[in-house]
Amino acid sequence: MRALAERLPREEFFRSGHPLCPGCPGGTLWRLTGKVLGKNSICTVSASCLALPSHVYPSALTTPSLYLSMSTAPAGITGVSAALKVLKRKGRLKTYEPIHIYAISGDGSAADIGMACLSGAAERNDDGIFICFDNEAYMNTGIQRSSCTPLGSWTTSTLKGKTEKKKDLPEIMVAHHIPYVATASMAFPEDYVKKLEKGRDMGCGFKYIHVHSPCPTGWRFPERKTIEVSRLAVECGLWILYEVIYDQYQITYRPKVRRPVEDYLKTQGRFAHLTREDMEKIQRQVEERWQALE
Amino acid sequence: MDRGMVTGNYAAAHGVKYARAEVIPVYPITPQTSLMEKIIEFINSGELDAEFVPVESEHTAMAVAIAAEAMGARSFTASSAQGLVYMHEMLFVASGMRLPIVMCIVNRSLGAPNSLLGDLQDSLDIRDASWIQLYAENAQEIMDMVIQAYKIAEDKRVLLPVAICYEGIIISHCMEPVTFLDQQKVDQFLSDYCPDHVLLDPERPTHVQAILTDDAYYMEYKYQQQVAMENAKLVIQEVDQNFENIFGRRYGGLLEAFGTEDAEVVLLTLGSISSTARRVVRDLREKGILIGFVKLRFFRPFPREVLQSLLARLKGVAVIERDASIGSGGVIYTELSSALYMNEPKPKIINYIVGLGGREVTYEALKVLAEKTLWMVKTETTVQPIQWIGVRGLS
């Protein structure tokens, strides 16, 4: 952690005083992202929890950002990168430094309403980094299920627990054969920073990073436990940290001993109603997923 | 000056080339597609230095145009019917951010039932999106209006997006003679887009399209758009004059009219029907009949004041339009009635709803409508004010 702090610039690009909920990992995500991508970056944001710090006046960001709509953050990458290309050719750009383009979006906008837009930008391989902040439901509107809500989870629209599996968005992105796909967690900041740096330094093309983002408000756990819950998701094998460079898979963190999923599930009120059978079912899915990935 | 035969869509593509549009995201839809194809040919041949973006939907097309325009690149897109309705959400973002995007709407009837032919229902459906809307009647007007549209949109008193609307197939796919423009003159008329009101610039970071909470300045933003739309009325006239100074032809700005000084009745229409209606009115006037002609060129801003001064003393106005707000009347009729209501005296206004789904509107049909309106005025007969013309099974 100290090594990370020494490596990153001291300059902050994300100010305090933002309207995120206490315990939200979004602040950490944005702070680290700012430090990695720096001053010369442009962000497009979709309607999501993370649109609040960037676009409720006064903004917490010190770099330029564009809020478009619920579904069009990837189109922001497309439009900004297309404009940069033509303005550069015509000599109308003021800066010669590279400008990093990135988008931040929630799981609902990425995997549901904006799926076509995301898929379009990825297929065209437009130049930018897309960061999906996955808190596994529509949290900003009050905890409704999304296609990224996991099996069994309570939300205000799945009162008896979601009966379907979580949509595997990173795998869908891998199927686009883009230069880079990675998963991340704020409990592993060095891992996230390395992955973001890779995406930044690869140059052209569409890069995708999916960040598992525990939500104290929607998942029903105490605010101080965000990092603990994030870490447990990884240690129990429910959230696997990996990266895919041009279709080549690499697991970036392997728990020494994979803990039972129950350790993770019991920390959260949204899973309080699960039976032993439910947990065993989830445990089996974890084993299958690891086998497939290994 | 070079002359040649082009379709309406090709004329629009030439306009886009002359205007040196820089980012062009378009999704294919009939009857717009040949416009998009011609632009791609211009880019391929090096005649136009632009980024074409093959987007996966019209919704994304408008989002990309917005993001590019916010970077300071001149953007263009085009669509029709279902595609236009699909991008509806983003239309409000473009105008709310005061981005001078120009779009061609190649008018096509909205499904269901599906029709590939044109009426004005699709563009009139975006009436409240705070876009300037103009209706062109032929290829030359389309070509000229693309460059005028950028000039109007980018004027600091306006800063609103502009939609150039023309009927699909009837105008988009028919060849007509046009006079091509001289690029040097176009460059003299229209300079590079160098905005300072909205710009994504790391040297001057701004957060574009803020989320307003509580009772923040939403109403003030909207009022400024209203002021900009009012300003556009003057700017449209100035640009028309400016265009004439350089290219030697003018269109009349907000509307074109003749014969209104002595007429008892006028035919008011827009789009392709204007050409036929103009002929009908000229022929009737030659016979000594007191009839006039108004072609509404701009629907937004609605030329309320000009229409009041032109039409108030008349006895009758026939509004002939290819659209219907089901449950009310034609959209132009409703607008015109509201504009003239406070005038005393004011004409009787008859609404003829014609040509939906691209049904042909002939010279003879328009002549019958003109004569019907003249008879109604002369005999002071009360008639049904909203009439659907040419519906099978209706007498």
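### Describing unusual backbone geometry
Consideration 1: For the bond from Tyr57(A) to Pro58(A), the omega torsion is -5°, close enough to zero to count as cis.
Consideration 2: In this fold, Pro58(A) is placed in the loop between α3 (51-55) and β2 (65-67).
Consideration 3: A cis amide bond, omega 5°, links Thr30(B) with the succeeding residue Pro31(B).
Consideration 4: Relative to the assigned elements, Pro31(B) resides in the loop between β2 (23-25) and α2 (33-44).
Consideration 5: Located in the positive-phi region is Glu136(A), a residue other than glycine, with phi close to 60°.
Consideration 6: Here Glu136(A) lies in the loop between β4 (128-134) and α7 (169-174).
Consideration 7: Owing to a relative accessible area of 5%, Glu136(A) belongs among the buried residues under this scheme.
Consideration 8: Positive phi is not limited to glycine here, since Tyr246(A) has a value of about 45°.
Consideration 9: Residue position: Tyr246(A) is located in the loop between β7 (242-245) and β8 (248-251).

### Describing a nonpolar patch on the surface
Residues and elements named next belong to chain B.
Consideration 1: Where nonpolar side chains cluster on the molecular surface, the patch consists of Ile326, Leu356, Trp388, Val391 and Leu394 and spans about 480 Å² of accessible area.
Consideration 2: Inspection of the secondary structure puts Ile326 in the loop between β14 (316-321) and α12 (331-340).
Consideration 3: Residue classification places Ile326 among the exposed positions, given a relative accessible area of 72%.

### Topic: the sheet that holds strand β6 (residues 132-135) of chain B
All names here are of chain B.
Consideration 1: In space, the five strands of this open sheet follow the order β4-β5-β7-β6-β13, with mixed pairing throughout. Whereas interior strands pair on both sides, the edge strands pair on one side only; in this sheet they are β4 (76-79) and β13 (298-300). Direction aside, the axes of adjacent strands within the sheet are offset by 20° on average.
Consideration 2: Alignment of β6 against β13, held across two bridges, turns out to be antiparallel. Looking across to β13, one finds that Leu134 is bridged to Phe298.
Consideration 3: Strands β4, β5 (102-107) and β7 (162-167) of the sheet are contacted by helix α1 (residues 8-18), whose axis makes an angle of about 160° with β7.

### Remarks on the interface of chain B and chain A
Consideration 1: Listed by partner, the interface residues are 38 residues for chain B and 43 residues for chain A.
Consideration 2: Carbon and sulfur atoms supply 63% of the area that chain B and chain A bury against each other, a total of about 3100 Å² over both sides.
Consideration 3: For chain B, the biggest contributors to the area lost against chain A are Pro202(B), His207(B) and Ile211(B); these three give 21% of the whole.
Consideration 4: At the surface where chain B touches chain A, the tally comes to seven salt bridges.
Consideration 5: Across the pair Arg89(A) and Asp49(B) runs a salt bridge, and its minimum N-O distance is 2.7 Å.

### Brief notes about the pattern of salt bridges
Think of it this way: side chains of opposite charge can pair up when their charged atoms draw near.
All names here are of chain A.
Consideration 1: This model, assessed by the stated rule, comprises 51 salt bridges over all chains.
Consideration 2: Note that Arg276 is salt-bridged to Glu262, the shortest N-O span being 3.2 Å. Remark: Glu262 occurs in helix α11 (residues 261-265) and Arg276 occurs in helix α12 (residues 276-293); sequence separation between them is 14 residues.
Consideration 3: A residue is classified by how much of its surface remains accessible, and Arg276, at 46% relative accessible area, is partly exposed.
Consideration 4: With relative accessibility at 28%, the residue Glu262 sits in the partly exposed group.

### Side note on the sheet that holds strand β1 (residues 41-45) of chain A
Consideration 1: If you walk across this open sheet you meet the nine strands as β8(A)-β7(A)-β5(A)-β6(A)-β4(A)-β3(A)-β1(A)-β2(A)-β9(B), and the pairing is mixed. For this open sheet the edge positions go to β8 of chain A together with β9 (207-208) of chain B, each flanked by a neighbour on one side alone.
Consideration 2: In this sheet, β7(A) lies alongside strand β5 (residues 180-185) of chain A in antiparallel orientation, the contact comprising three bridges. Bridged to Val181(A) within β7(A) is Val244(A).

### A closer look at the side chain of Ser71(A)
Consideration 1: The topology assignment puts Ser71(A) in the loop between β2 and α4 (73-89).
Consideration 2: Exposure remark for Ser71(A): the relative accessible area of 9% places this residue in the buried category.
Consideration 3: Residues within four places of Ser71(A) in sequence aside, it is in contact with Ile113(A), Gly114(A), Cys117(A) and His59(B).

### Examining the confidence of the model for chain B
Consideration 1: Summarising the model, chain B shows a mean pLDDT of 96, and 99% of its residues fall at 70 or more.
Consideration 2: In the model output, the complex is listed with pTM 0.97 alongside ipTM 0.97.

### Digging into the nonpolar core
Consideration 1: Core analysis: the biggest nonpolar cluster contains 123 residues, and Phe130(A), Met62(B), Ile66(B), Leu311(B) and Leu336(B) have the highest contact counts within it.
Consideration 2: Non-local contacts of Met62(B), meaning those with residues more than four positions away in its chain, are made with Thr77(B), Met87(B), Met90(B), Leu91(B), Ala94(B), Ile101(B), Met103(B) and Trp131(B).
Consideration 3: Among the nonpolar cores identified, the runner-up in size contains 60 residues, and Tyr18(B), Val102(B), Tyr150(B) and Ile236(B) belong to it.

### Here's the deal with the domain arrangement of chain B
All names here are of chain B.
Consideration 1: Domain annotation of chain B identifies domain 1 (3-247) and domain 2 (255-388).
Consideration 2: Computed from C-alpha atoms alone, the centre-to-centre distance between domain 1 and domain 2 is 28 Å.
Consideration 3: Taken together, the 27 residues of domain 1 in the interface contact 27 residues of domain 2.
Consideration 4: Both faces combined, the contact of domain 1 with domain 2 buries some 2200 Å², and carbon together with sulfur accounts for 56% of it.
Consideration 5: The residue Arg278 makes a salt bridge to Glu137 at a minimum N-O spacing of 2.5 Å.
Consideration 6: Taken together, the elements giving at least two residues each to the side of domain 1 that touches domain 2 come down to α6 (121-124), β6, α7 (139-154) and α9 (218-247).
Consideration 7: It is α9 that provides the largest number of residues to the side of domain 1 that touches domain 2, a total of five residues.
Consideration 8: The residue makeup of the side of domain 1 that touches domain 2, split by class, is 15 nonpolar, five polar and seven charged.

### Regarding the packing of α7(B) against α9(B)
The description of two helices packed together rests on the angle between their axes and the distance between the axes.
Residues and elements named next belong to chain B.
Consideration 1: Close contact between α7 and α9 brings their axes to 10 Å; oriented N to C, the two are set at 130°. As summarised for this structure, α7 and α9 are arranged oblique, according to the angle between their axes. Seen along the crossing, α7 lies across α9 with a hand that is right-handed. Listed contacts from α9 to Asp144, Ile147, Gln148, Lys151 and Ile152 of α7 are Val235, Ile236, Val239, Asp240, Asn242, Phe243 and Phe247.

### Section: the pairing of β14(B)
Residues and elements named next belong to chain B.
Consideration 1: In terms of residue burial, β14 counts as a mostly covered element, since six of its six residues are buried.
Consideration 2: Side chains Gly316, Ala318 and Ile320 project from β14 onto one buried face, and the interleaved Val317, Val319 and Glu321 project onto a second face that is buried too.
Consideration 3: Examined bridge by bridge, strand β11 (residues 265-269) and β14 share four bridges and lie parallel to one another. Note that in β14 the partner of Leu268 across the bridge is Val319.
Consideration 4: Strand direction decides the pairing type here: β14 and strand β15 (residues 348-353), joined by six bridges, are parallel. Along β15, the bridge assignment pairs Val319 with Asn351.
Consideration 5: Since β14 and β15 lie parallel, the crossover through α12 that links them has a hand, and here it is right-handed.

Cut-offs and rules
- Residues numbered from 1 in each chain as written.
- Chains lettered and ligands numbered in written order.
- Predicted model: local features only at pLDDT ≥ 70, side-chain atom pairs only at ≥ 80, totals over all residues.
- Heavy atoms only, no water.
- Helix = DSSP H or I, 4+ residues; strand = E, 2+ residues; numbered from the N terminus.
- Buried < 20%, exposed > 50% of the residue type's maximum accessible area, 1.4 Å probe, protein only.
- Patch = residues over 30% accessible without salt bridge, like charges linked within 9 Å, V, L, I, M, F, W, Y side chains within 5 Å.
- Areas by Shrake-Rupley, 256 points an atom, 1.4 Å probe, with all protein chains shown as cover.
- Salt bridge = Lys/Arg side-chain N within 4 Å of Asp/Glu carboxyl O.
- Pairing = 2+ DSSP bridges.
- Axes fitted to C-alpha atoms, helices over the stretch in contact; angles between N-to-C directions.
- Contact = heavy atoms within 4.5 Å.
- Buried area = accessible area lost by both parts, 1.4 Å probe.
- pLDDT = per-residue confidence, 0-100.
- Core = buried A, V, L, I, M, F, W, Y, C linked by side-chain atoms within 4.5 Å.
- Domains from an automatic or database assignment.
- Nonpolar A, V, L, I, M, F, W, Y, C, P; charged D, E, K, R; others polar.
- Parallel < 35°, antiparallel > 145°, perpendicular 65-115°, else oblique.
- Left-handed = near helix turned anticlockwise from the far one by under 90°.
- Right-handed = clockwise from strand over helix to strand, strands pointing away.

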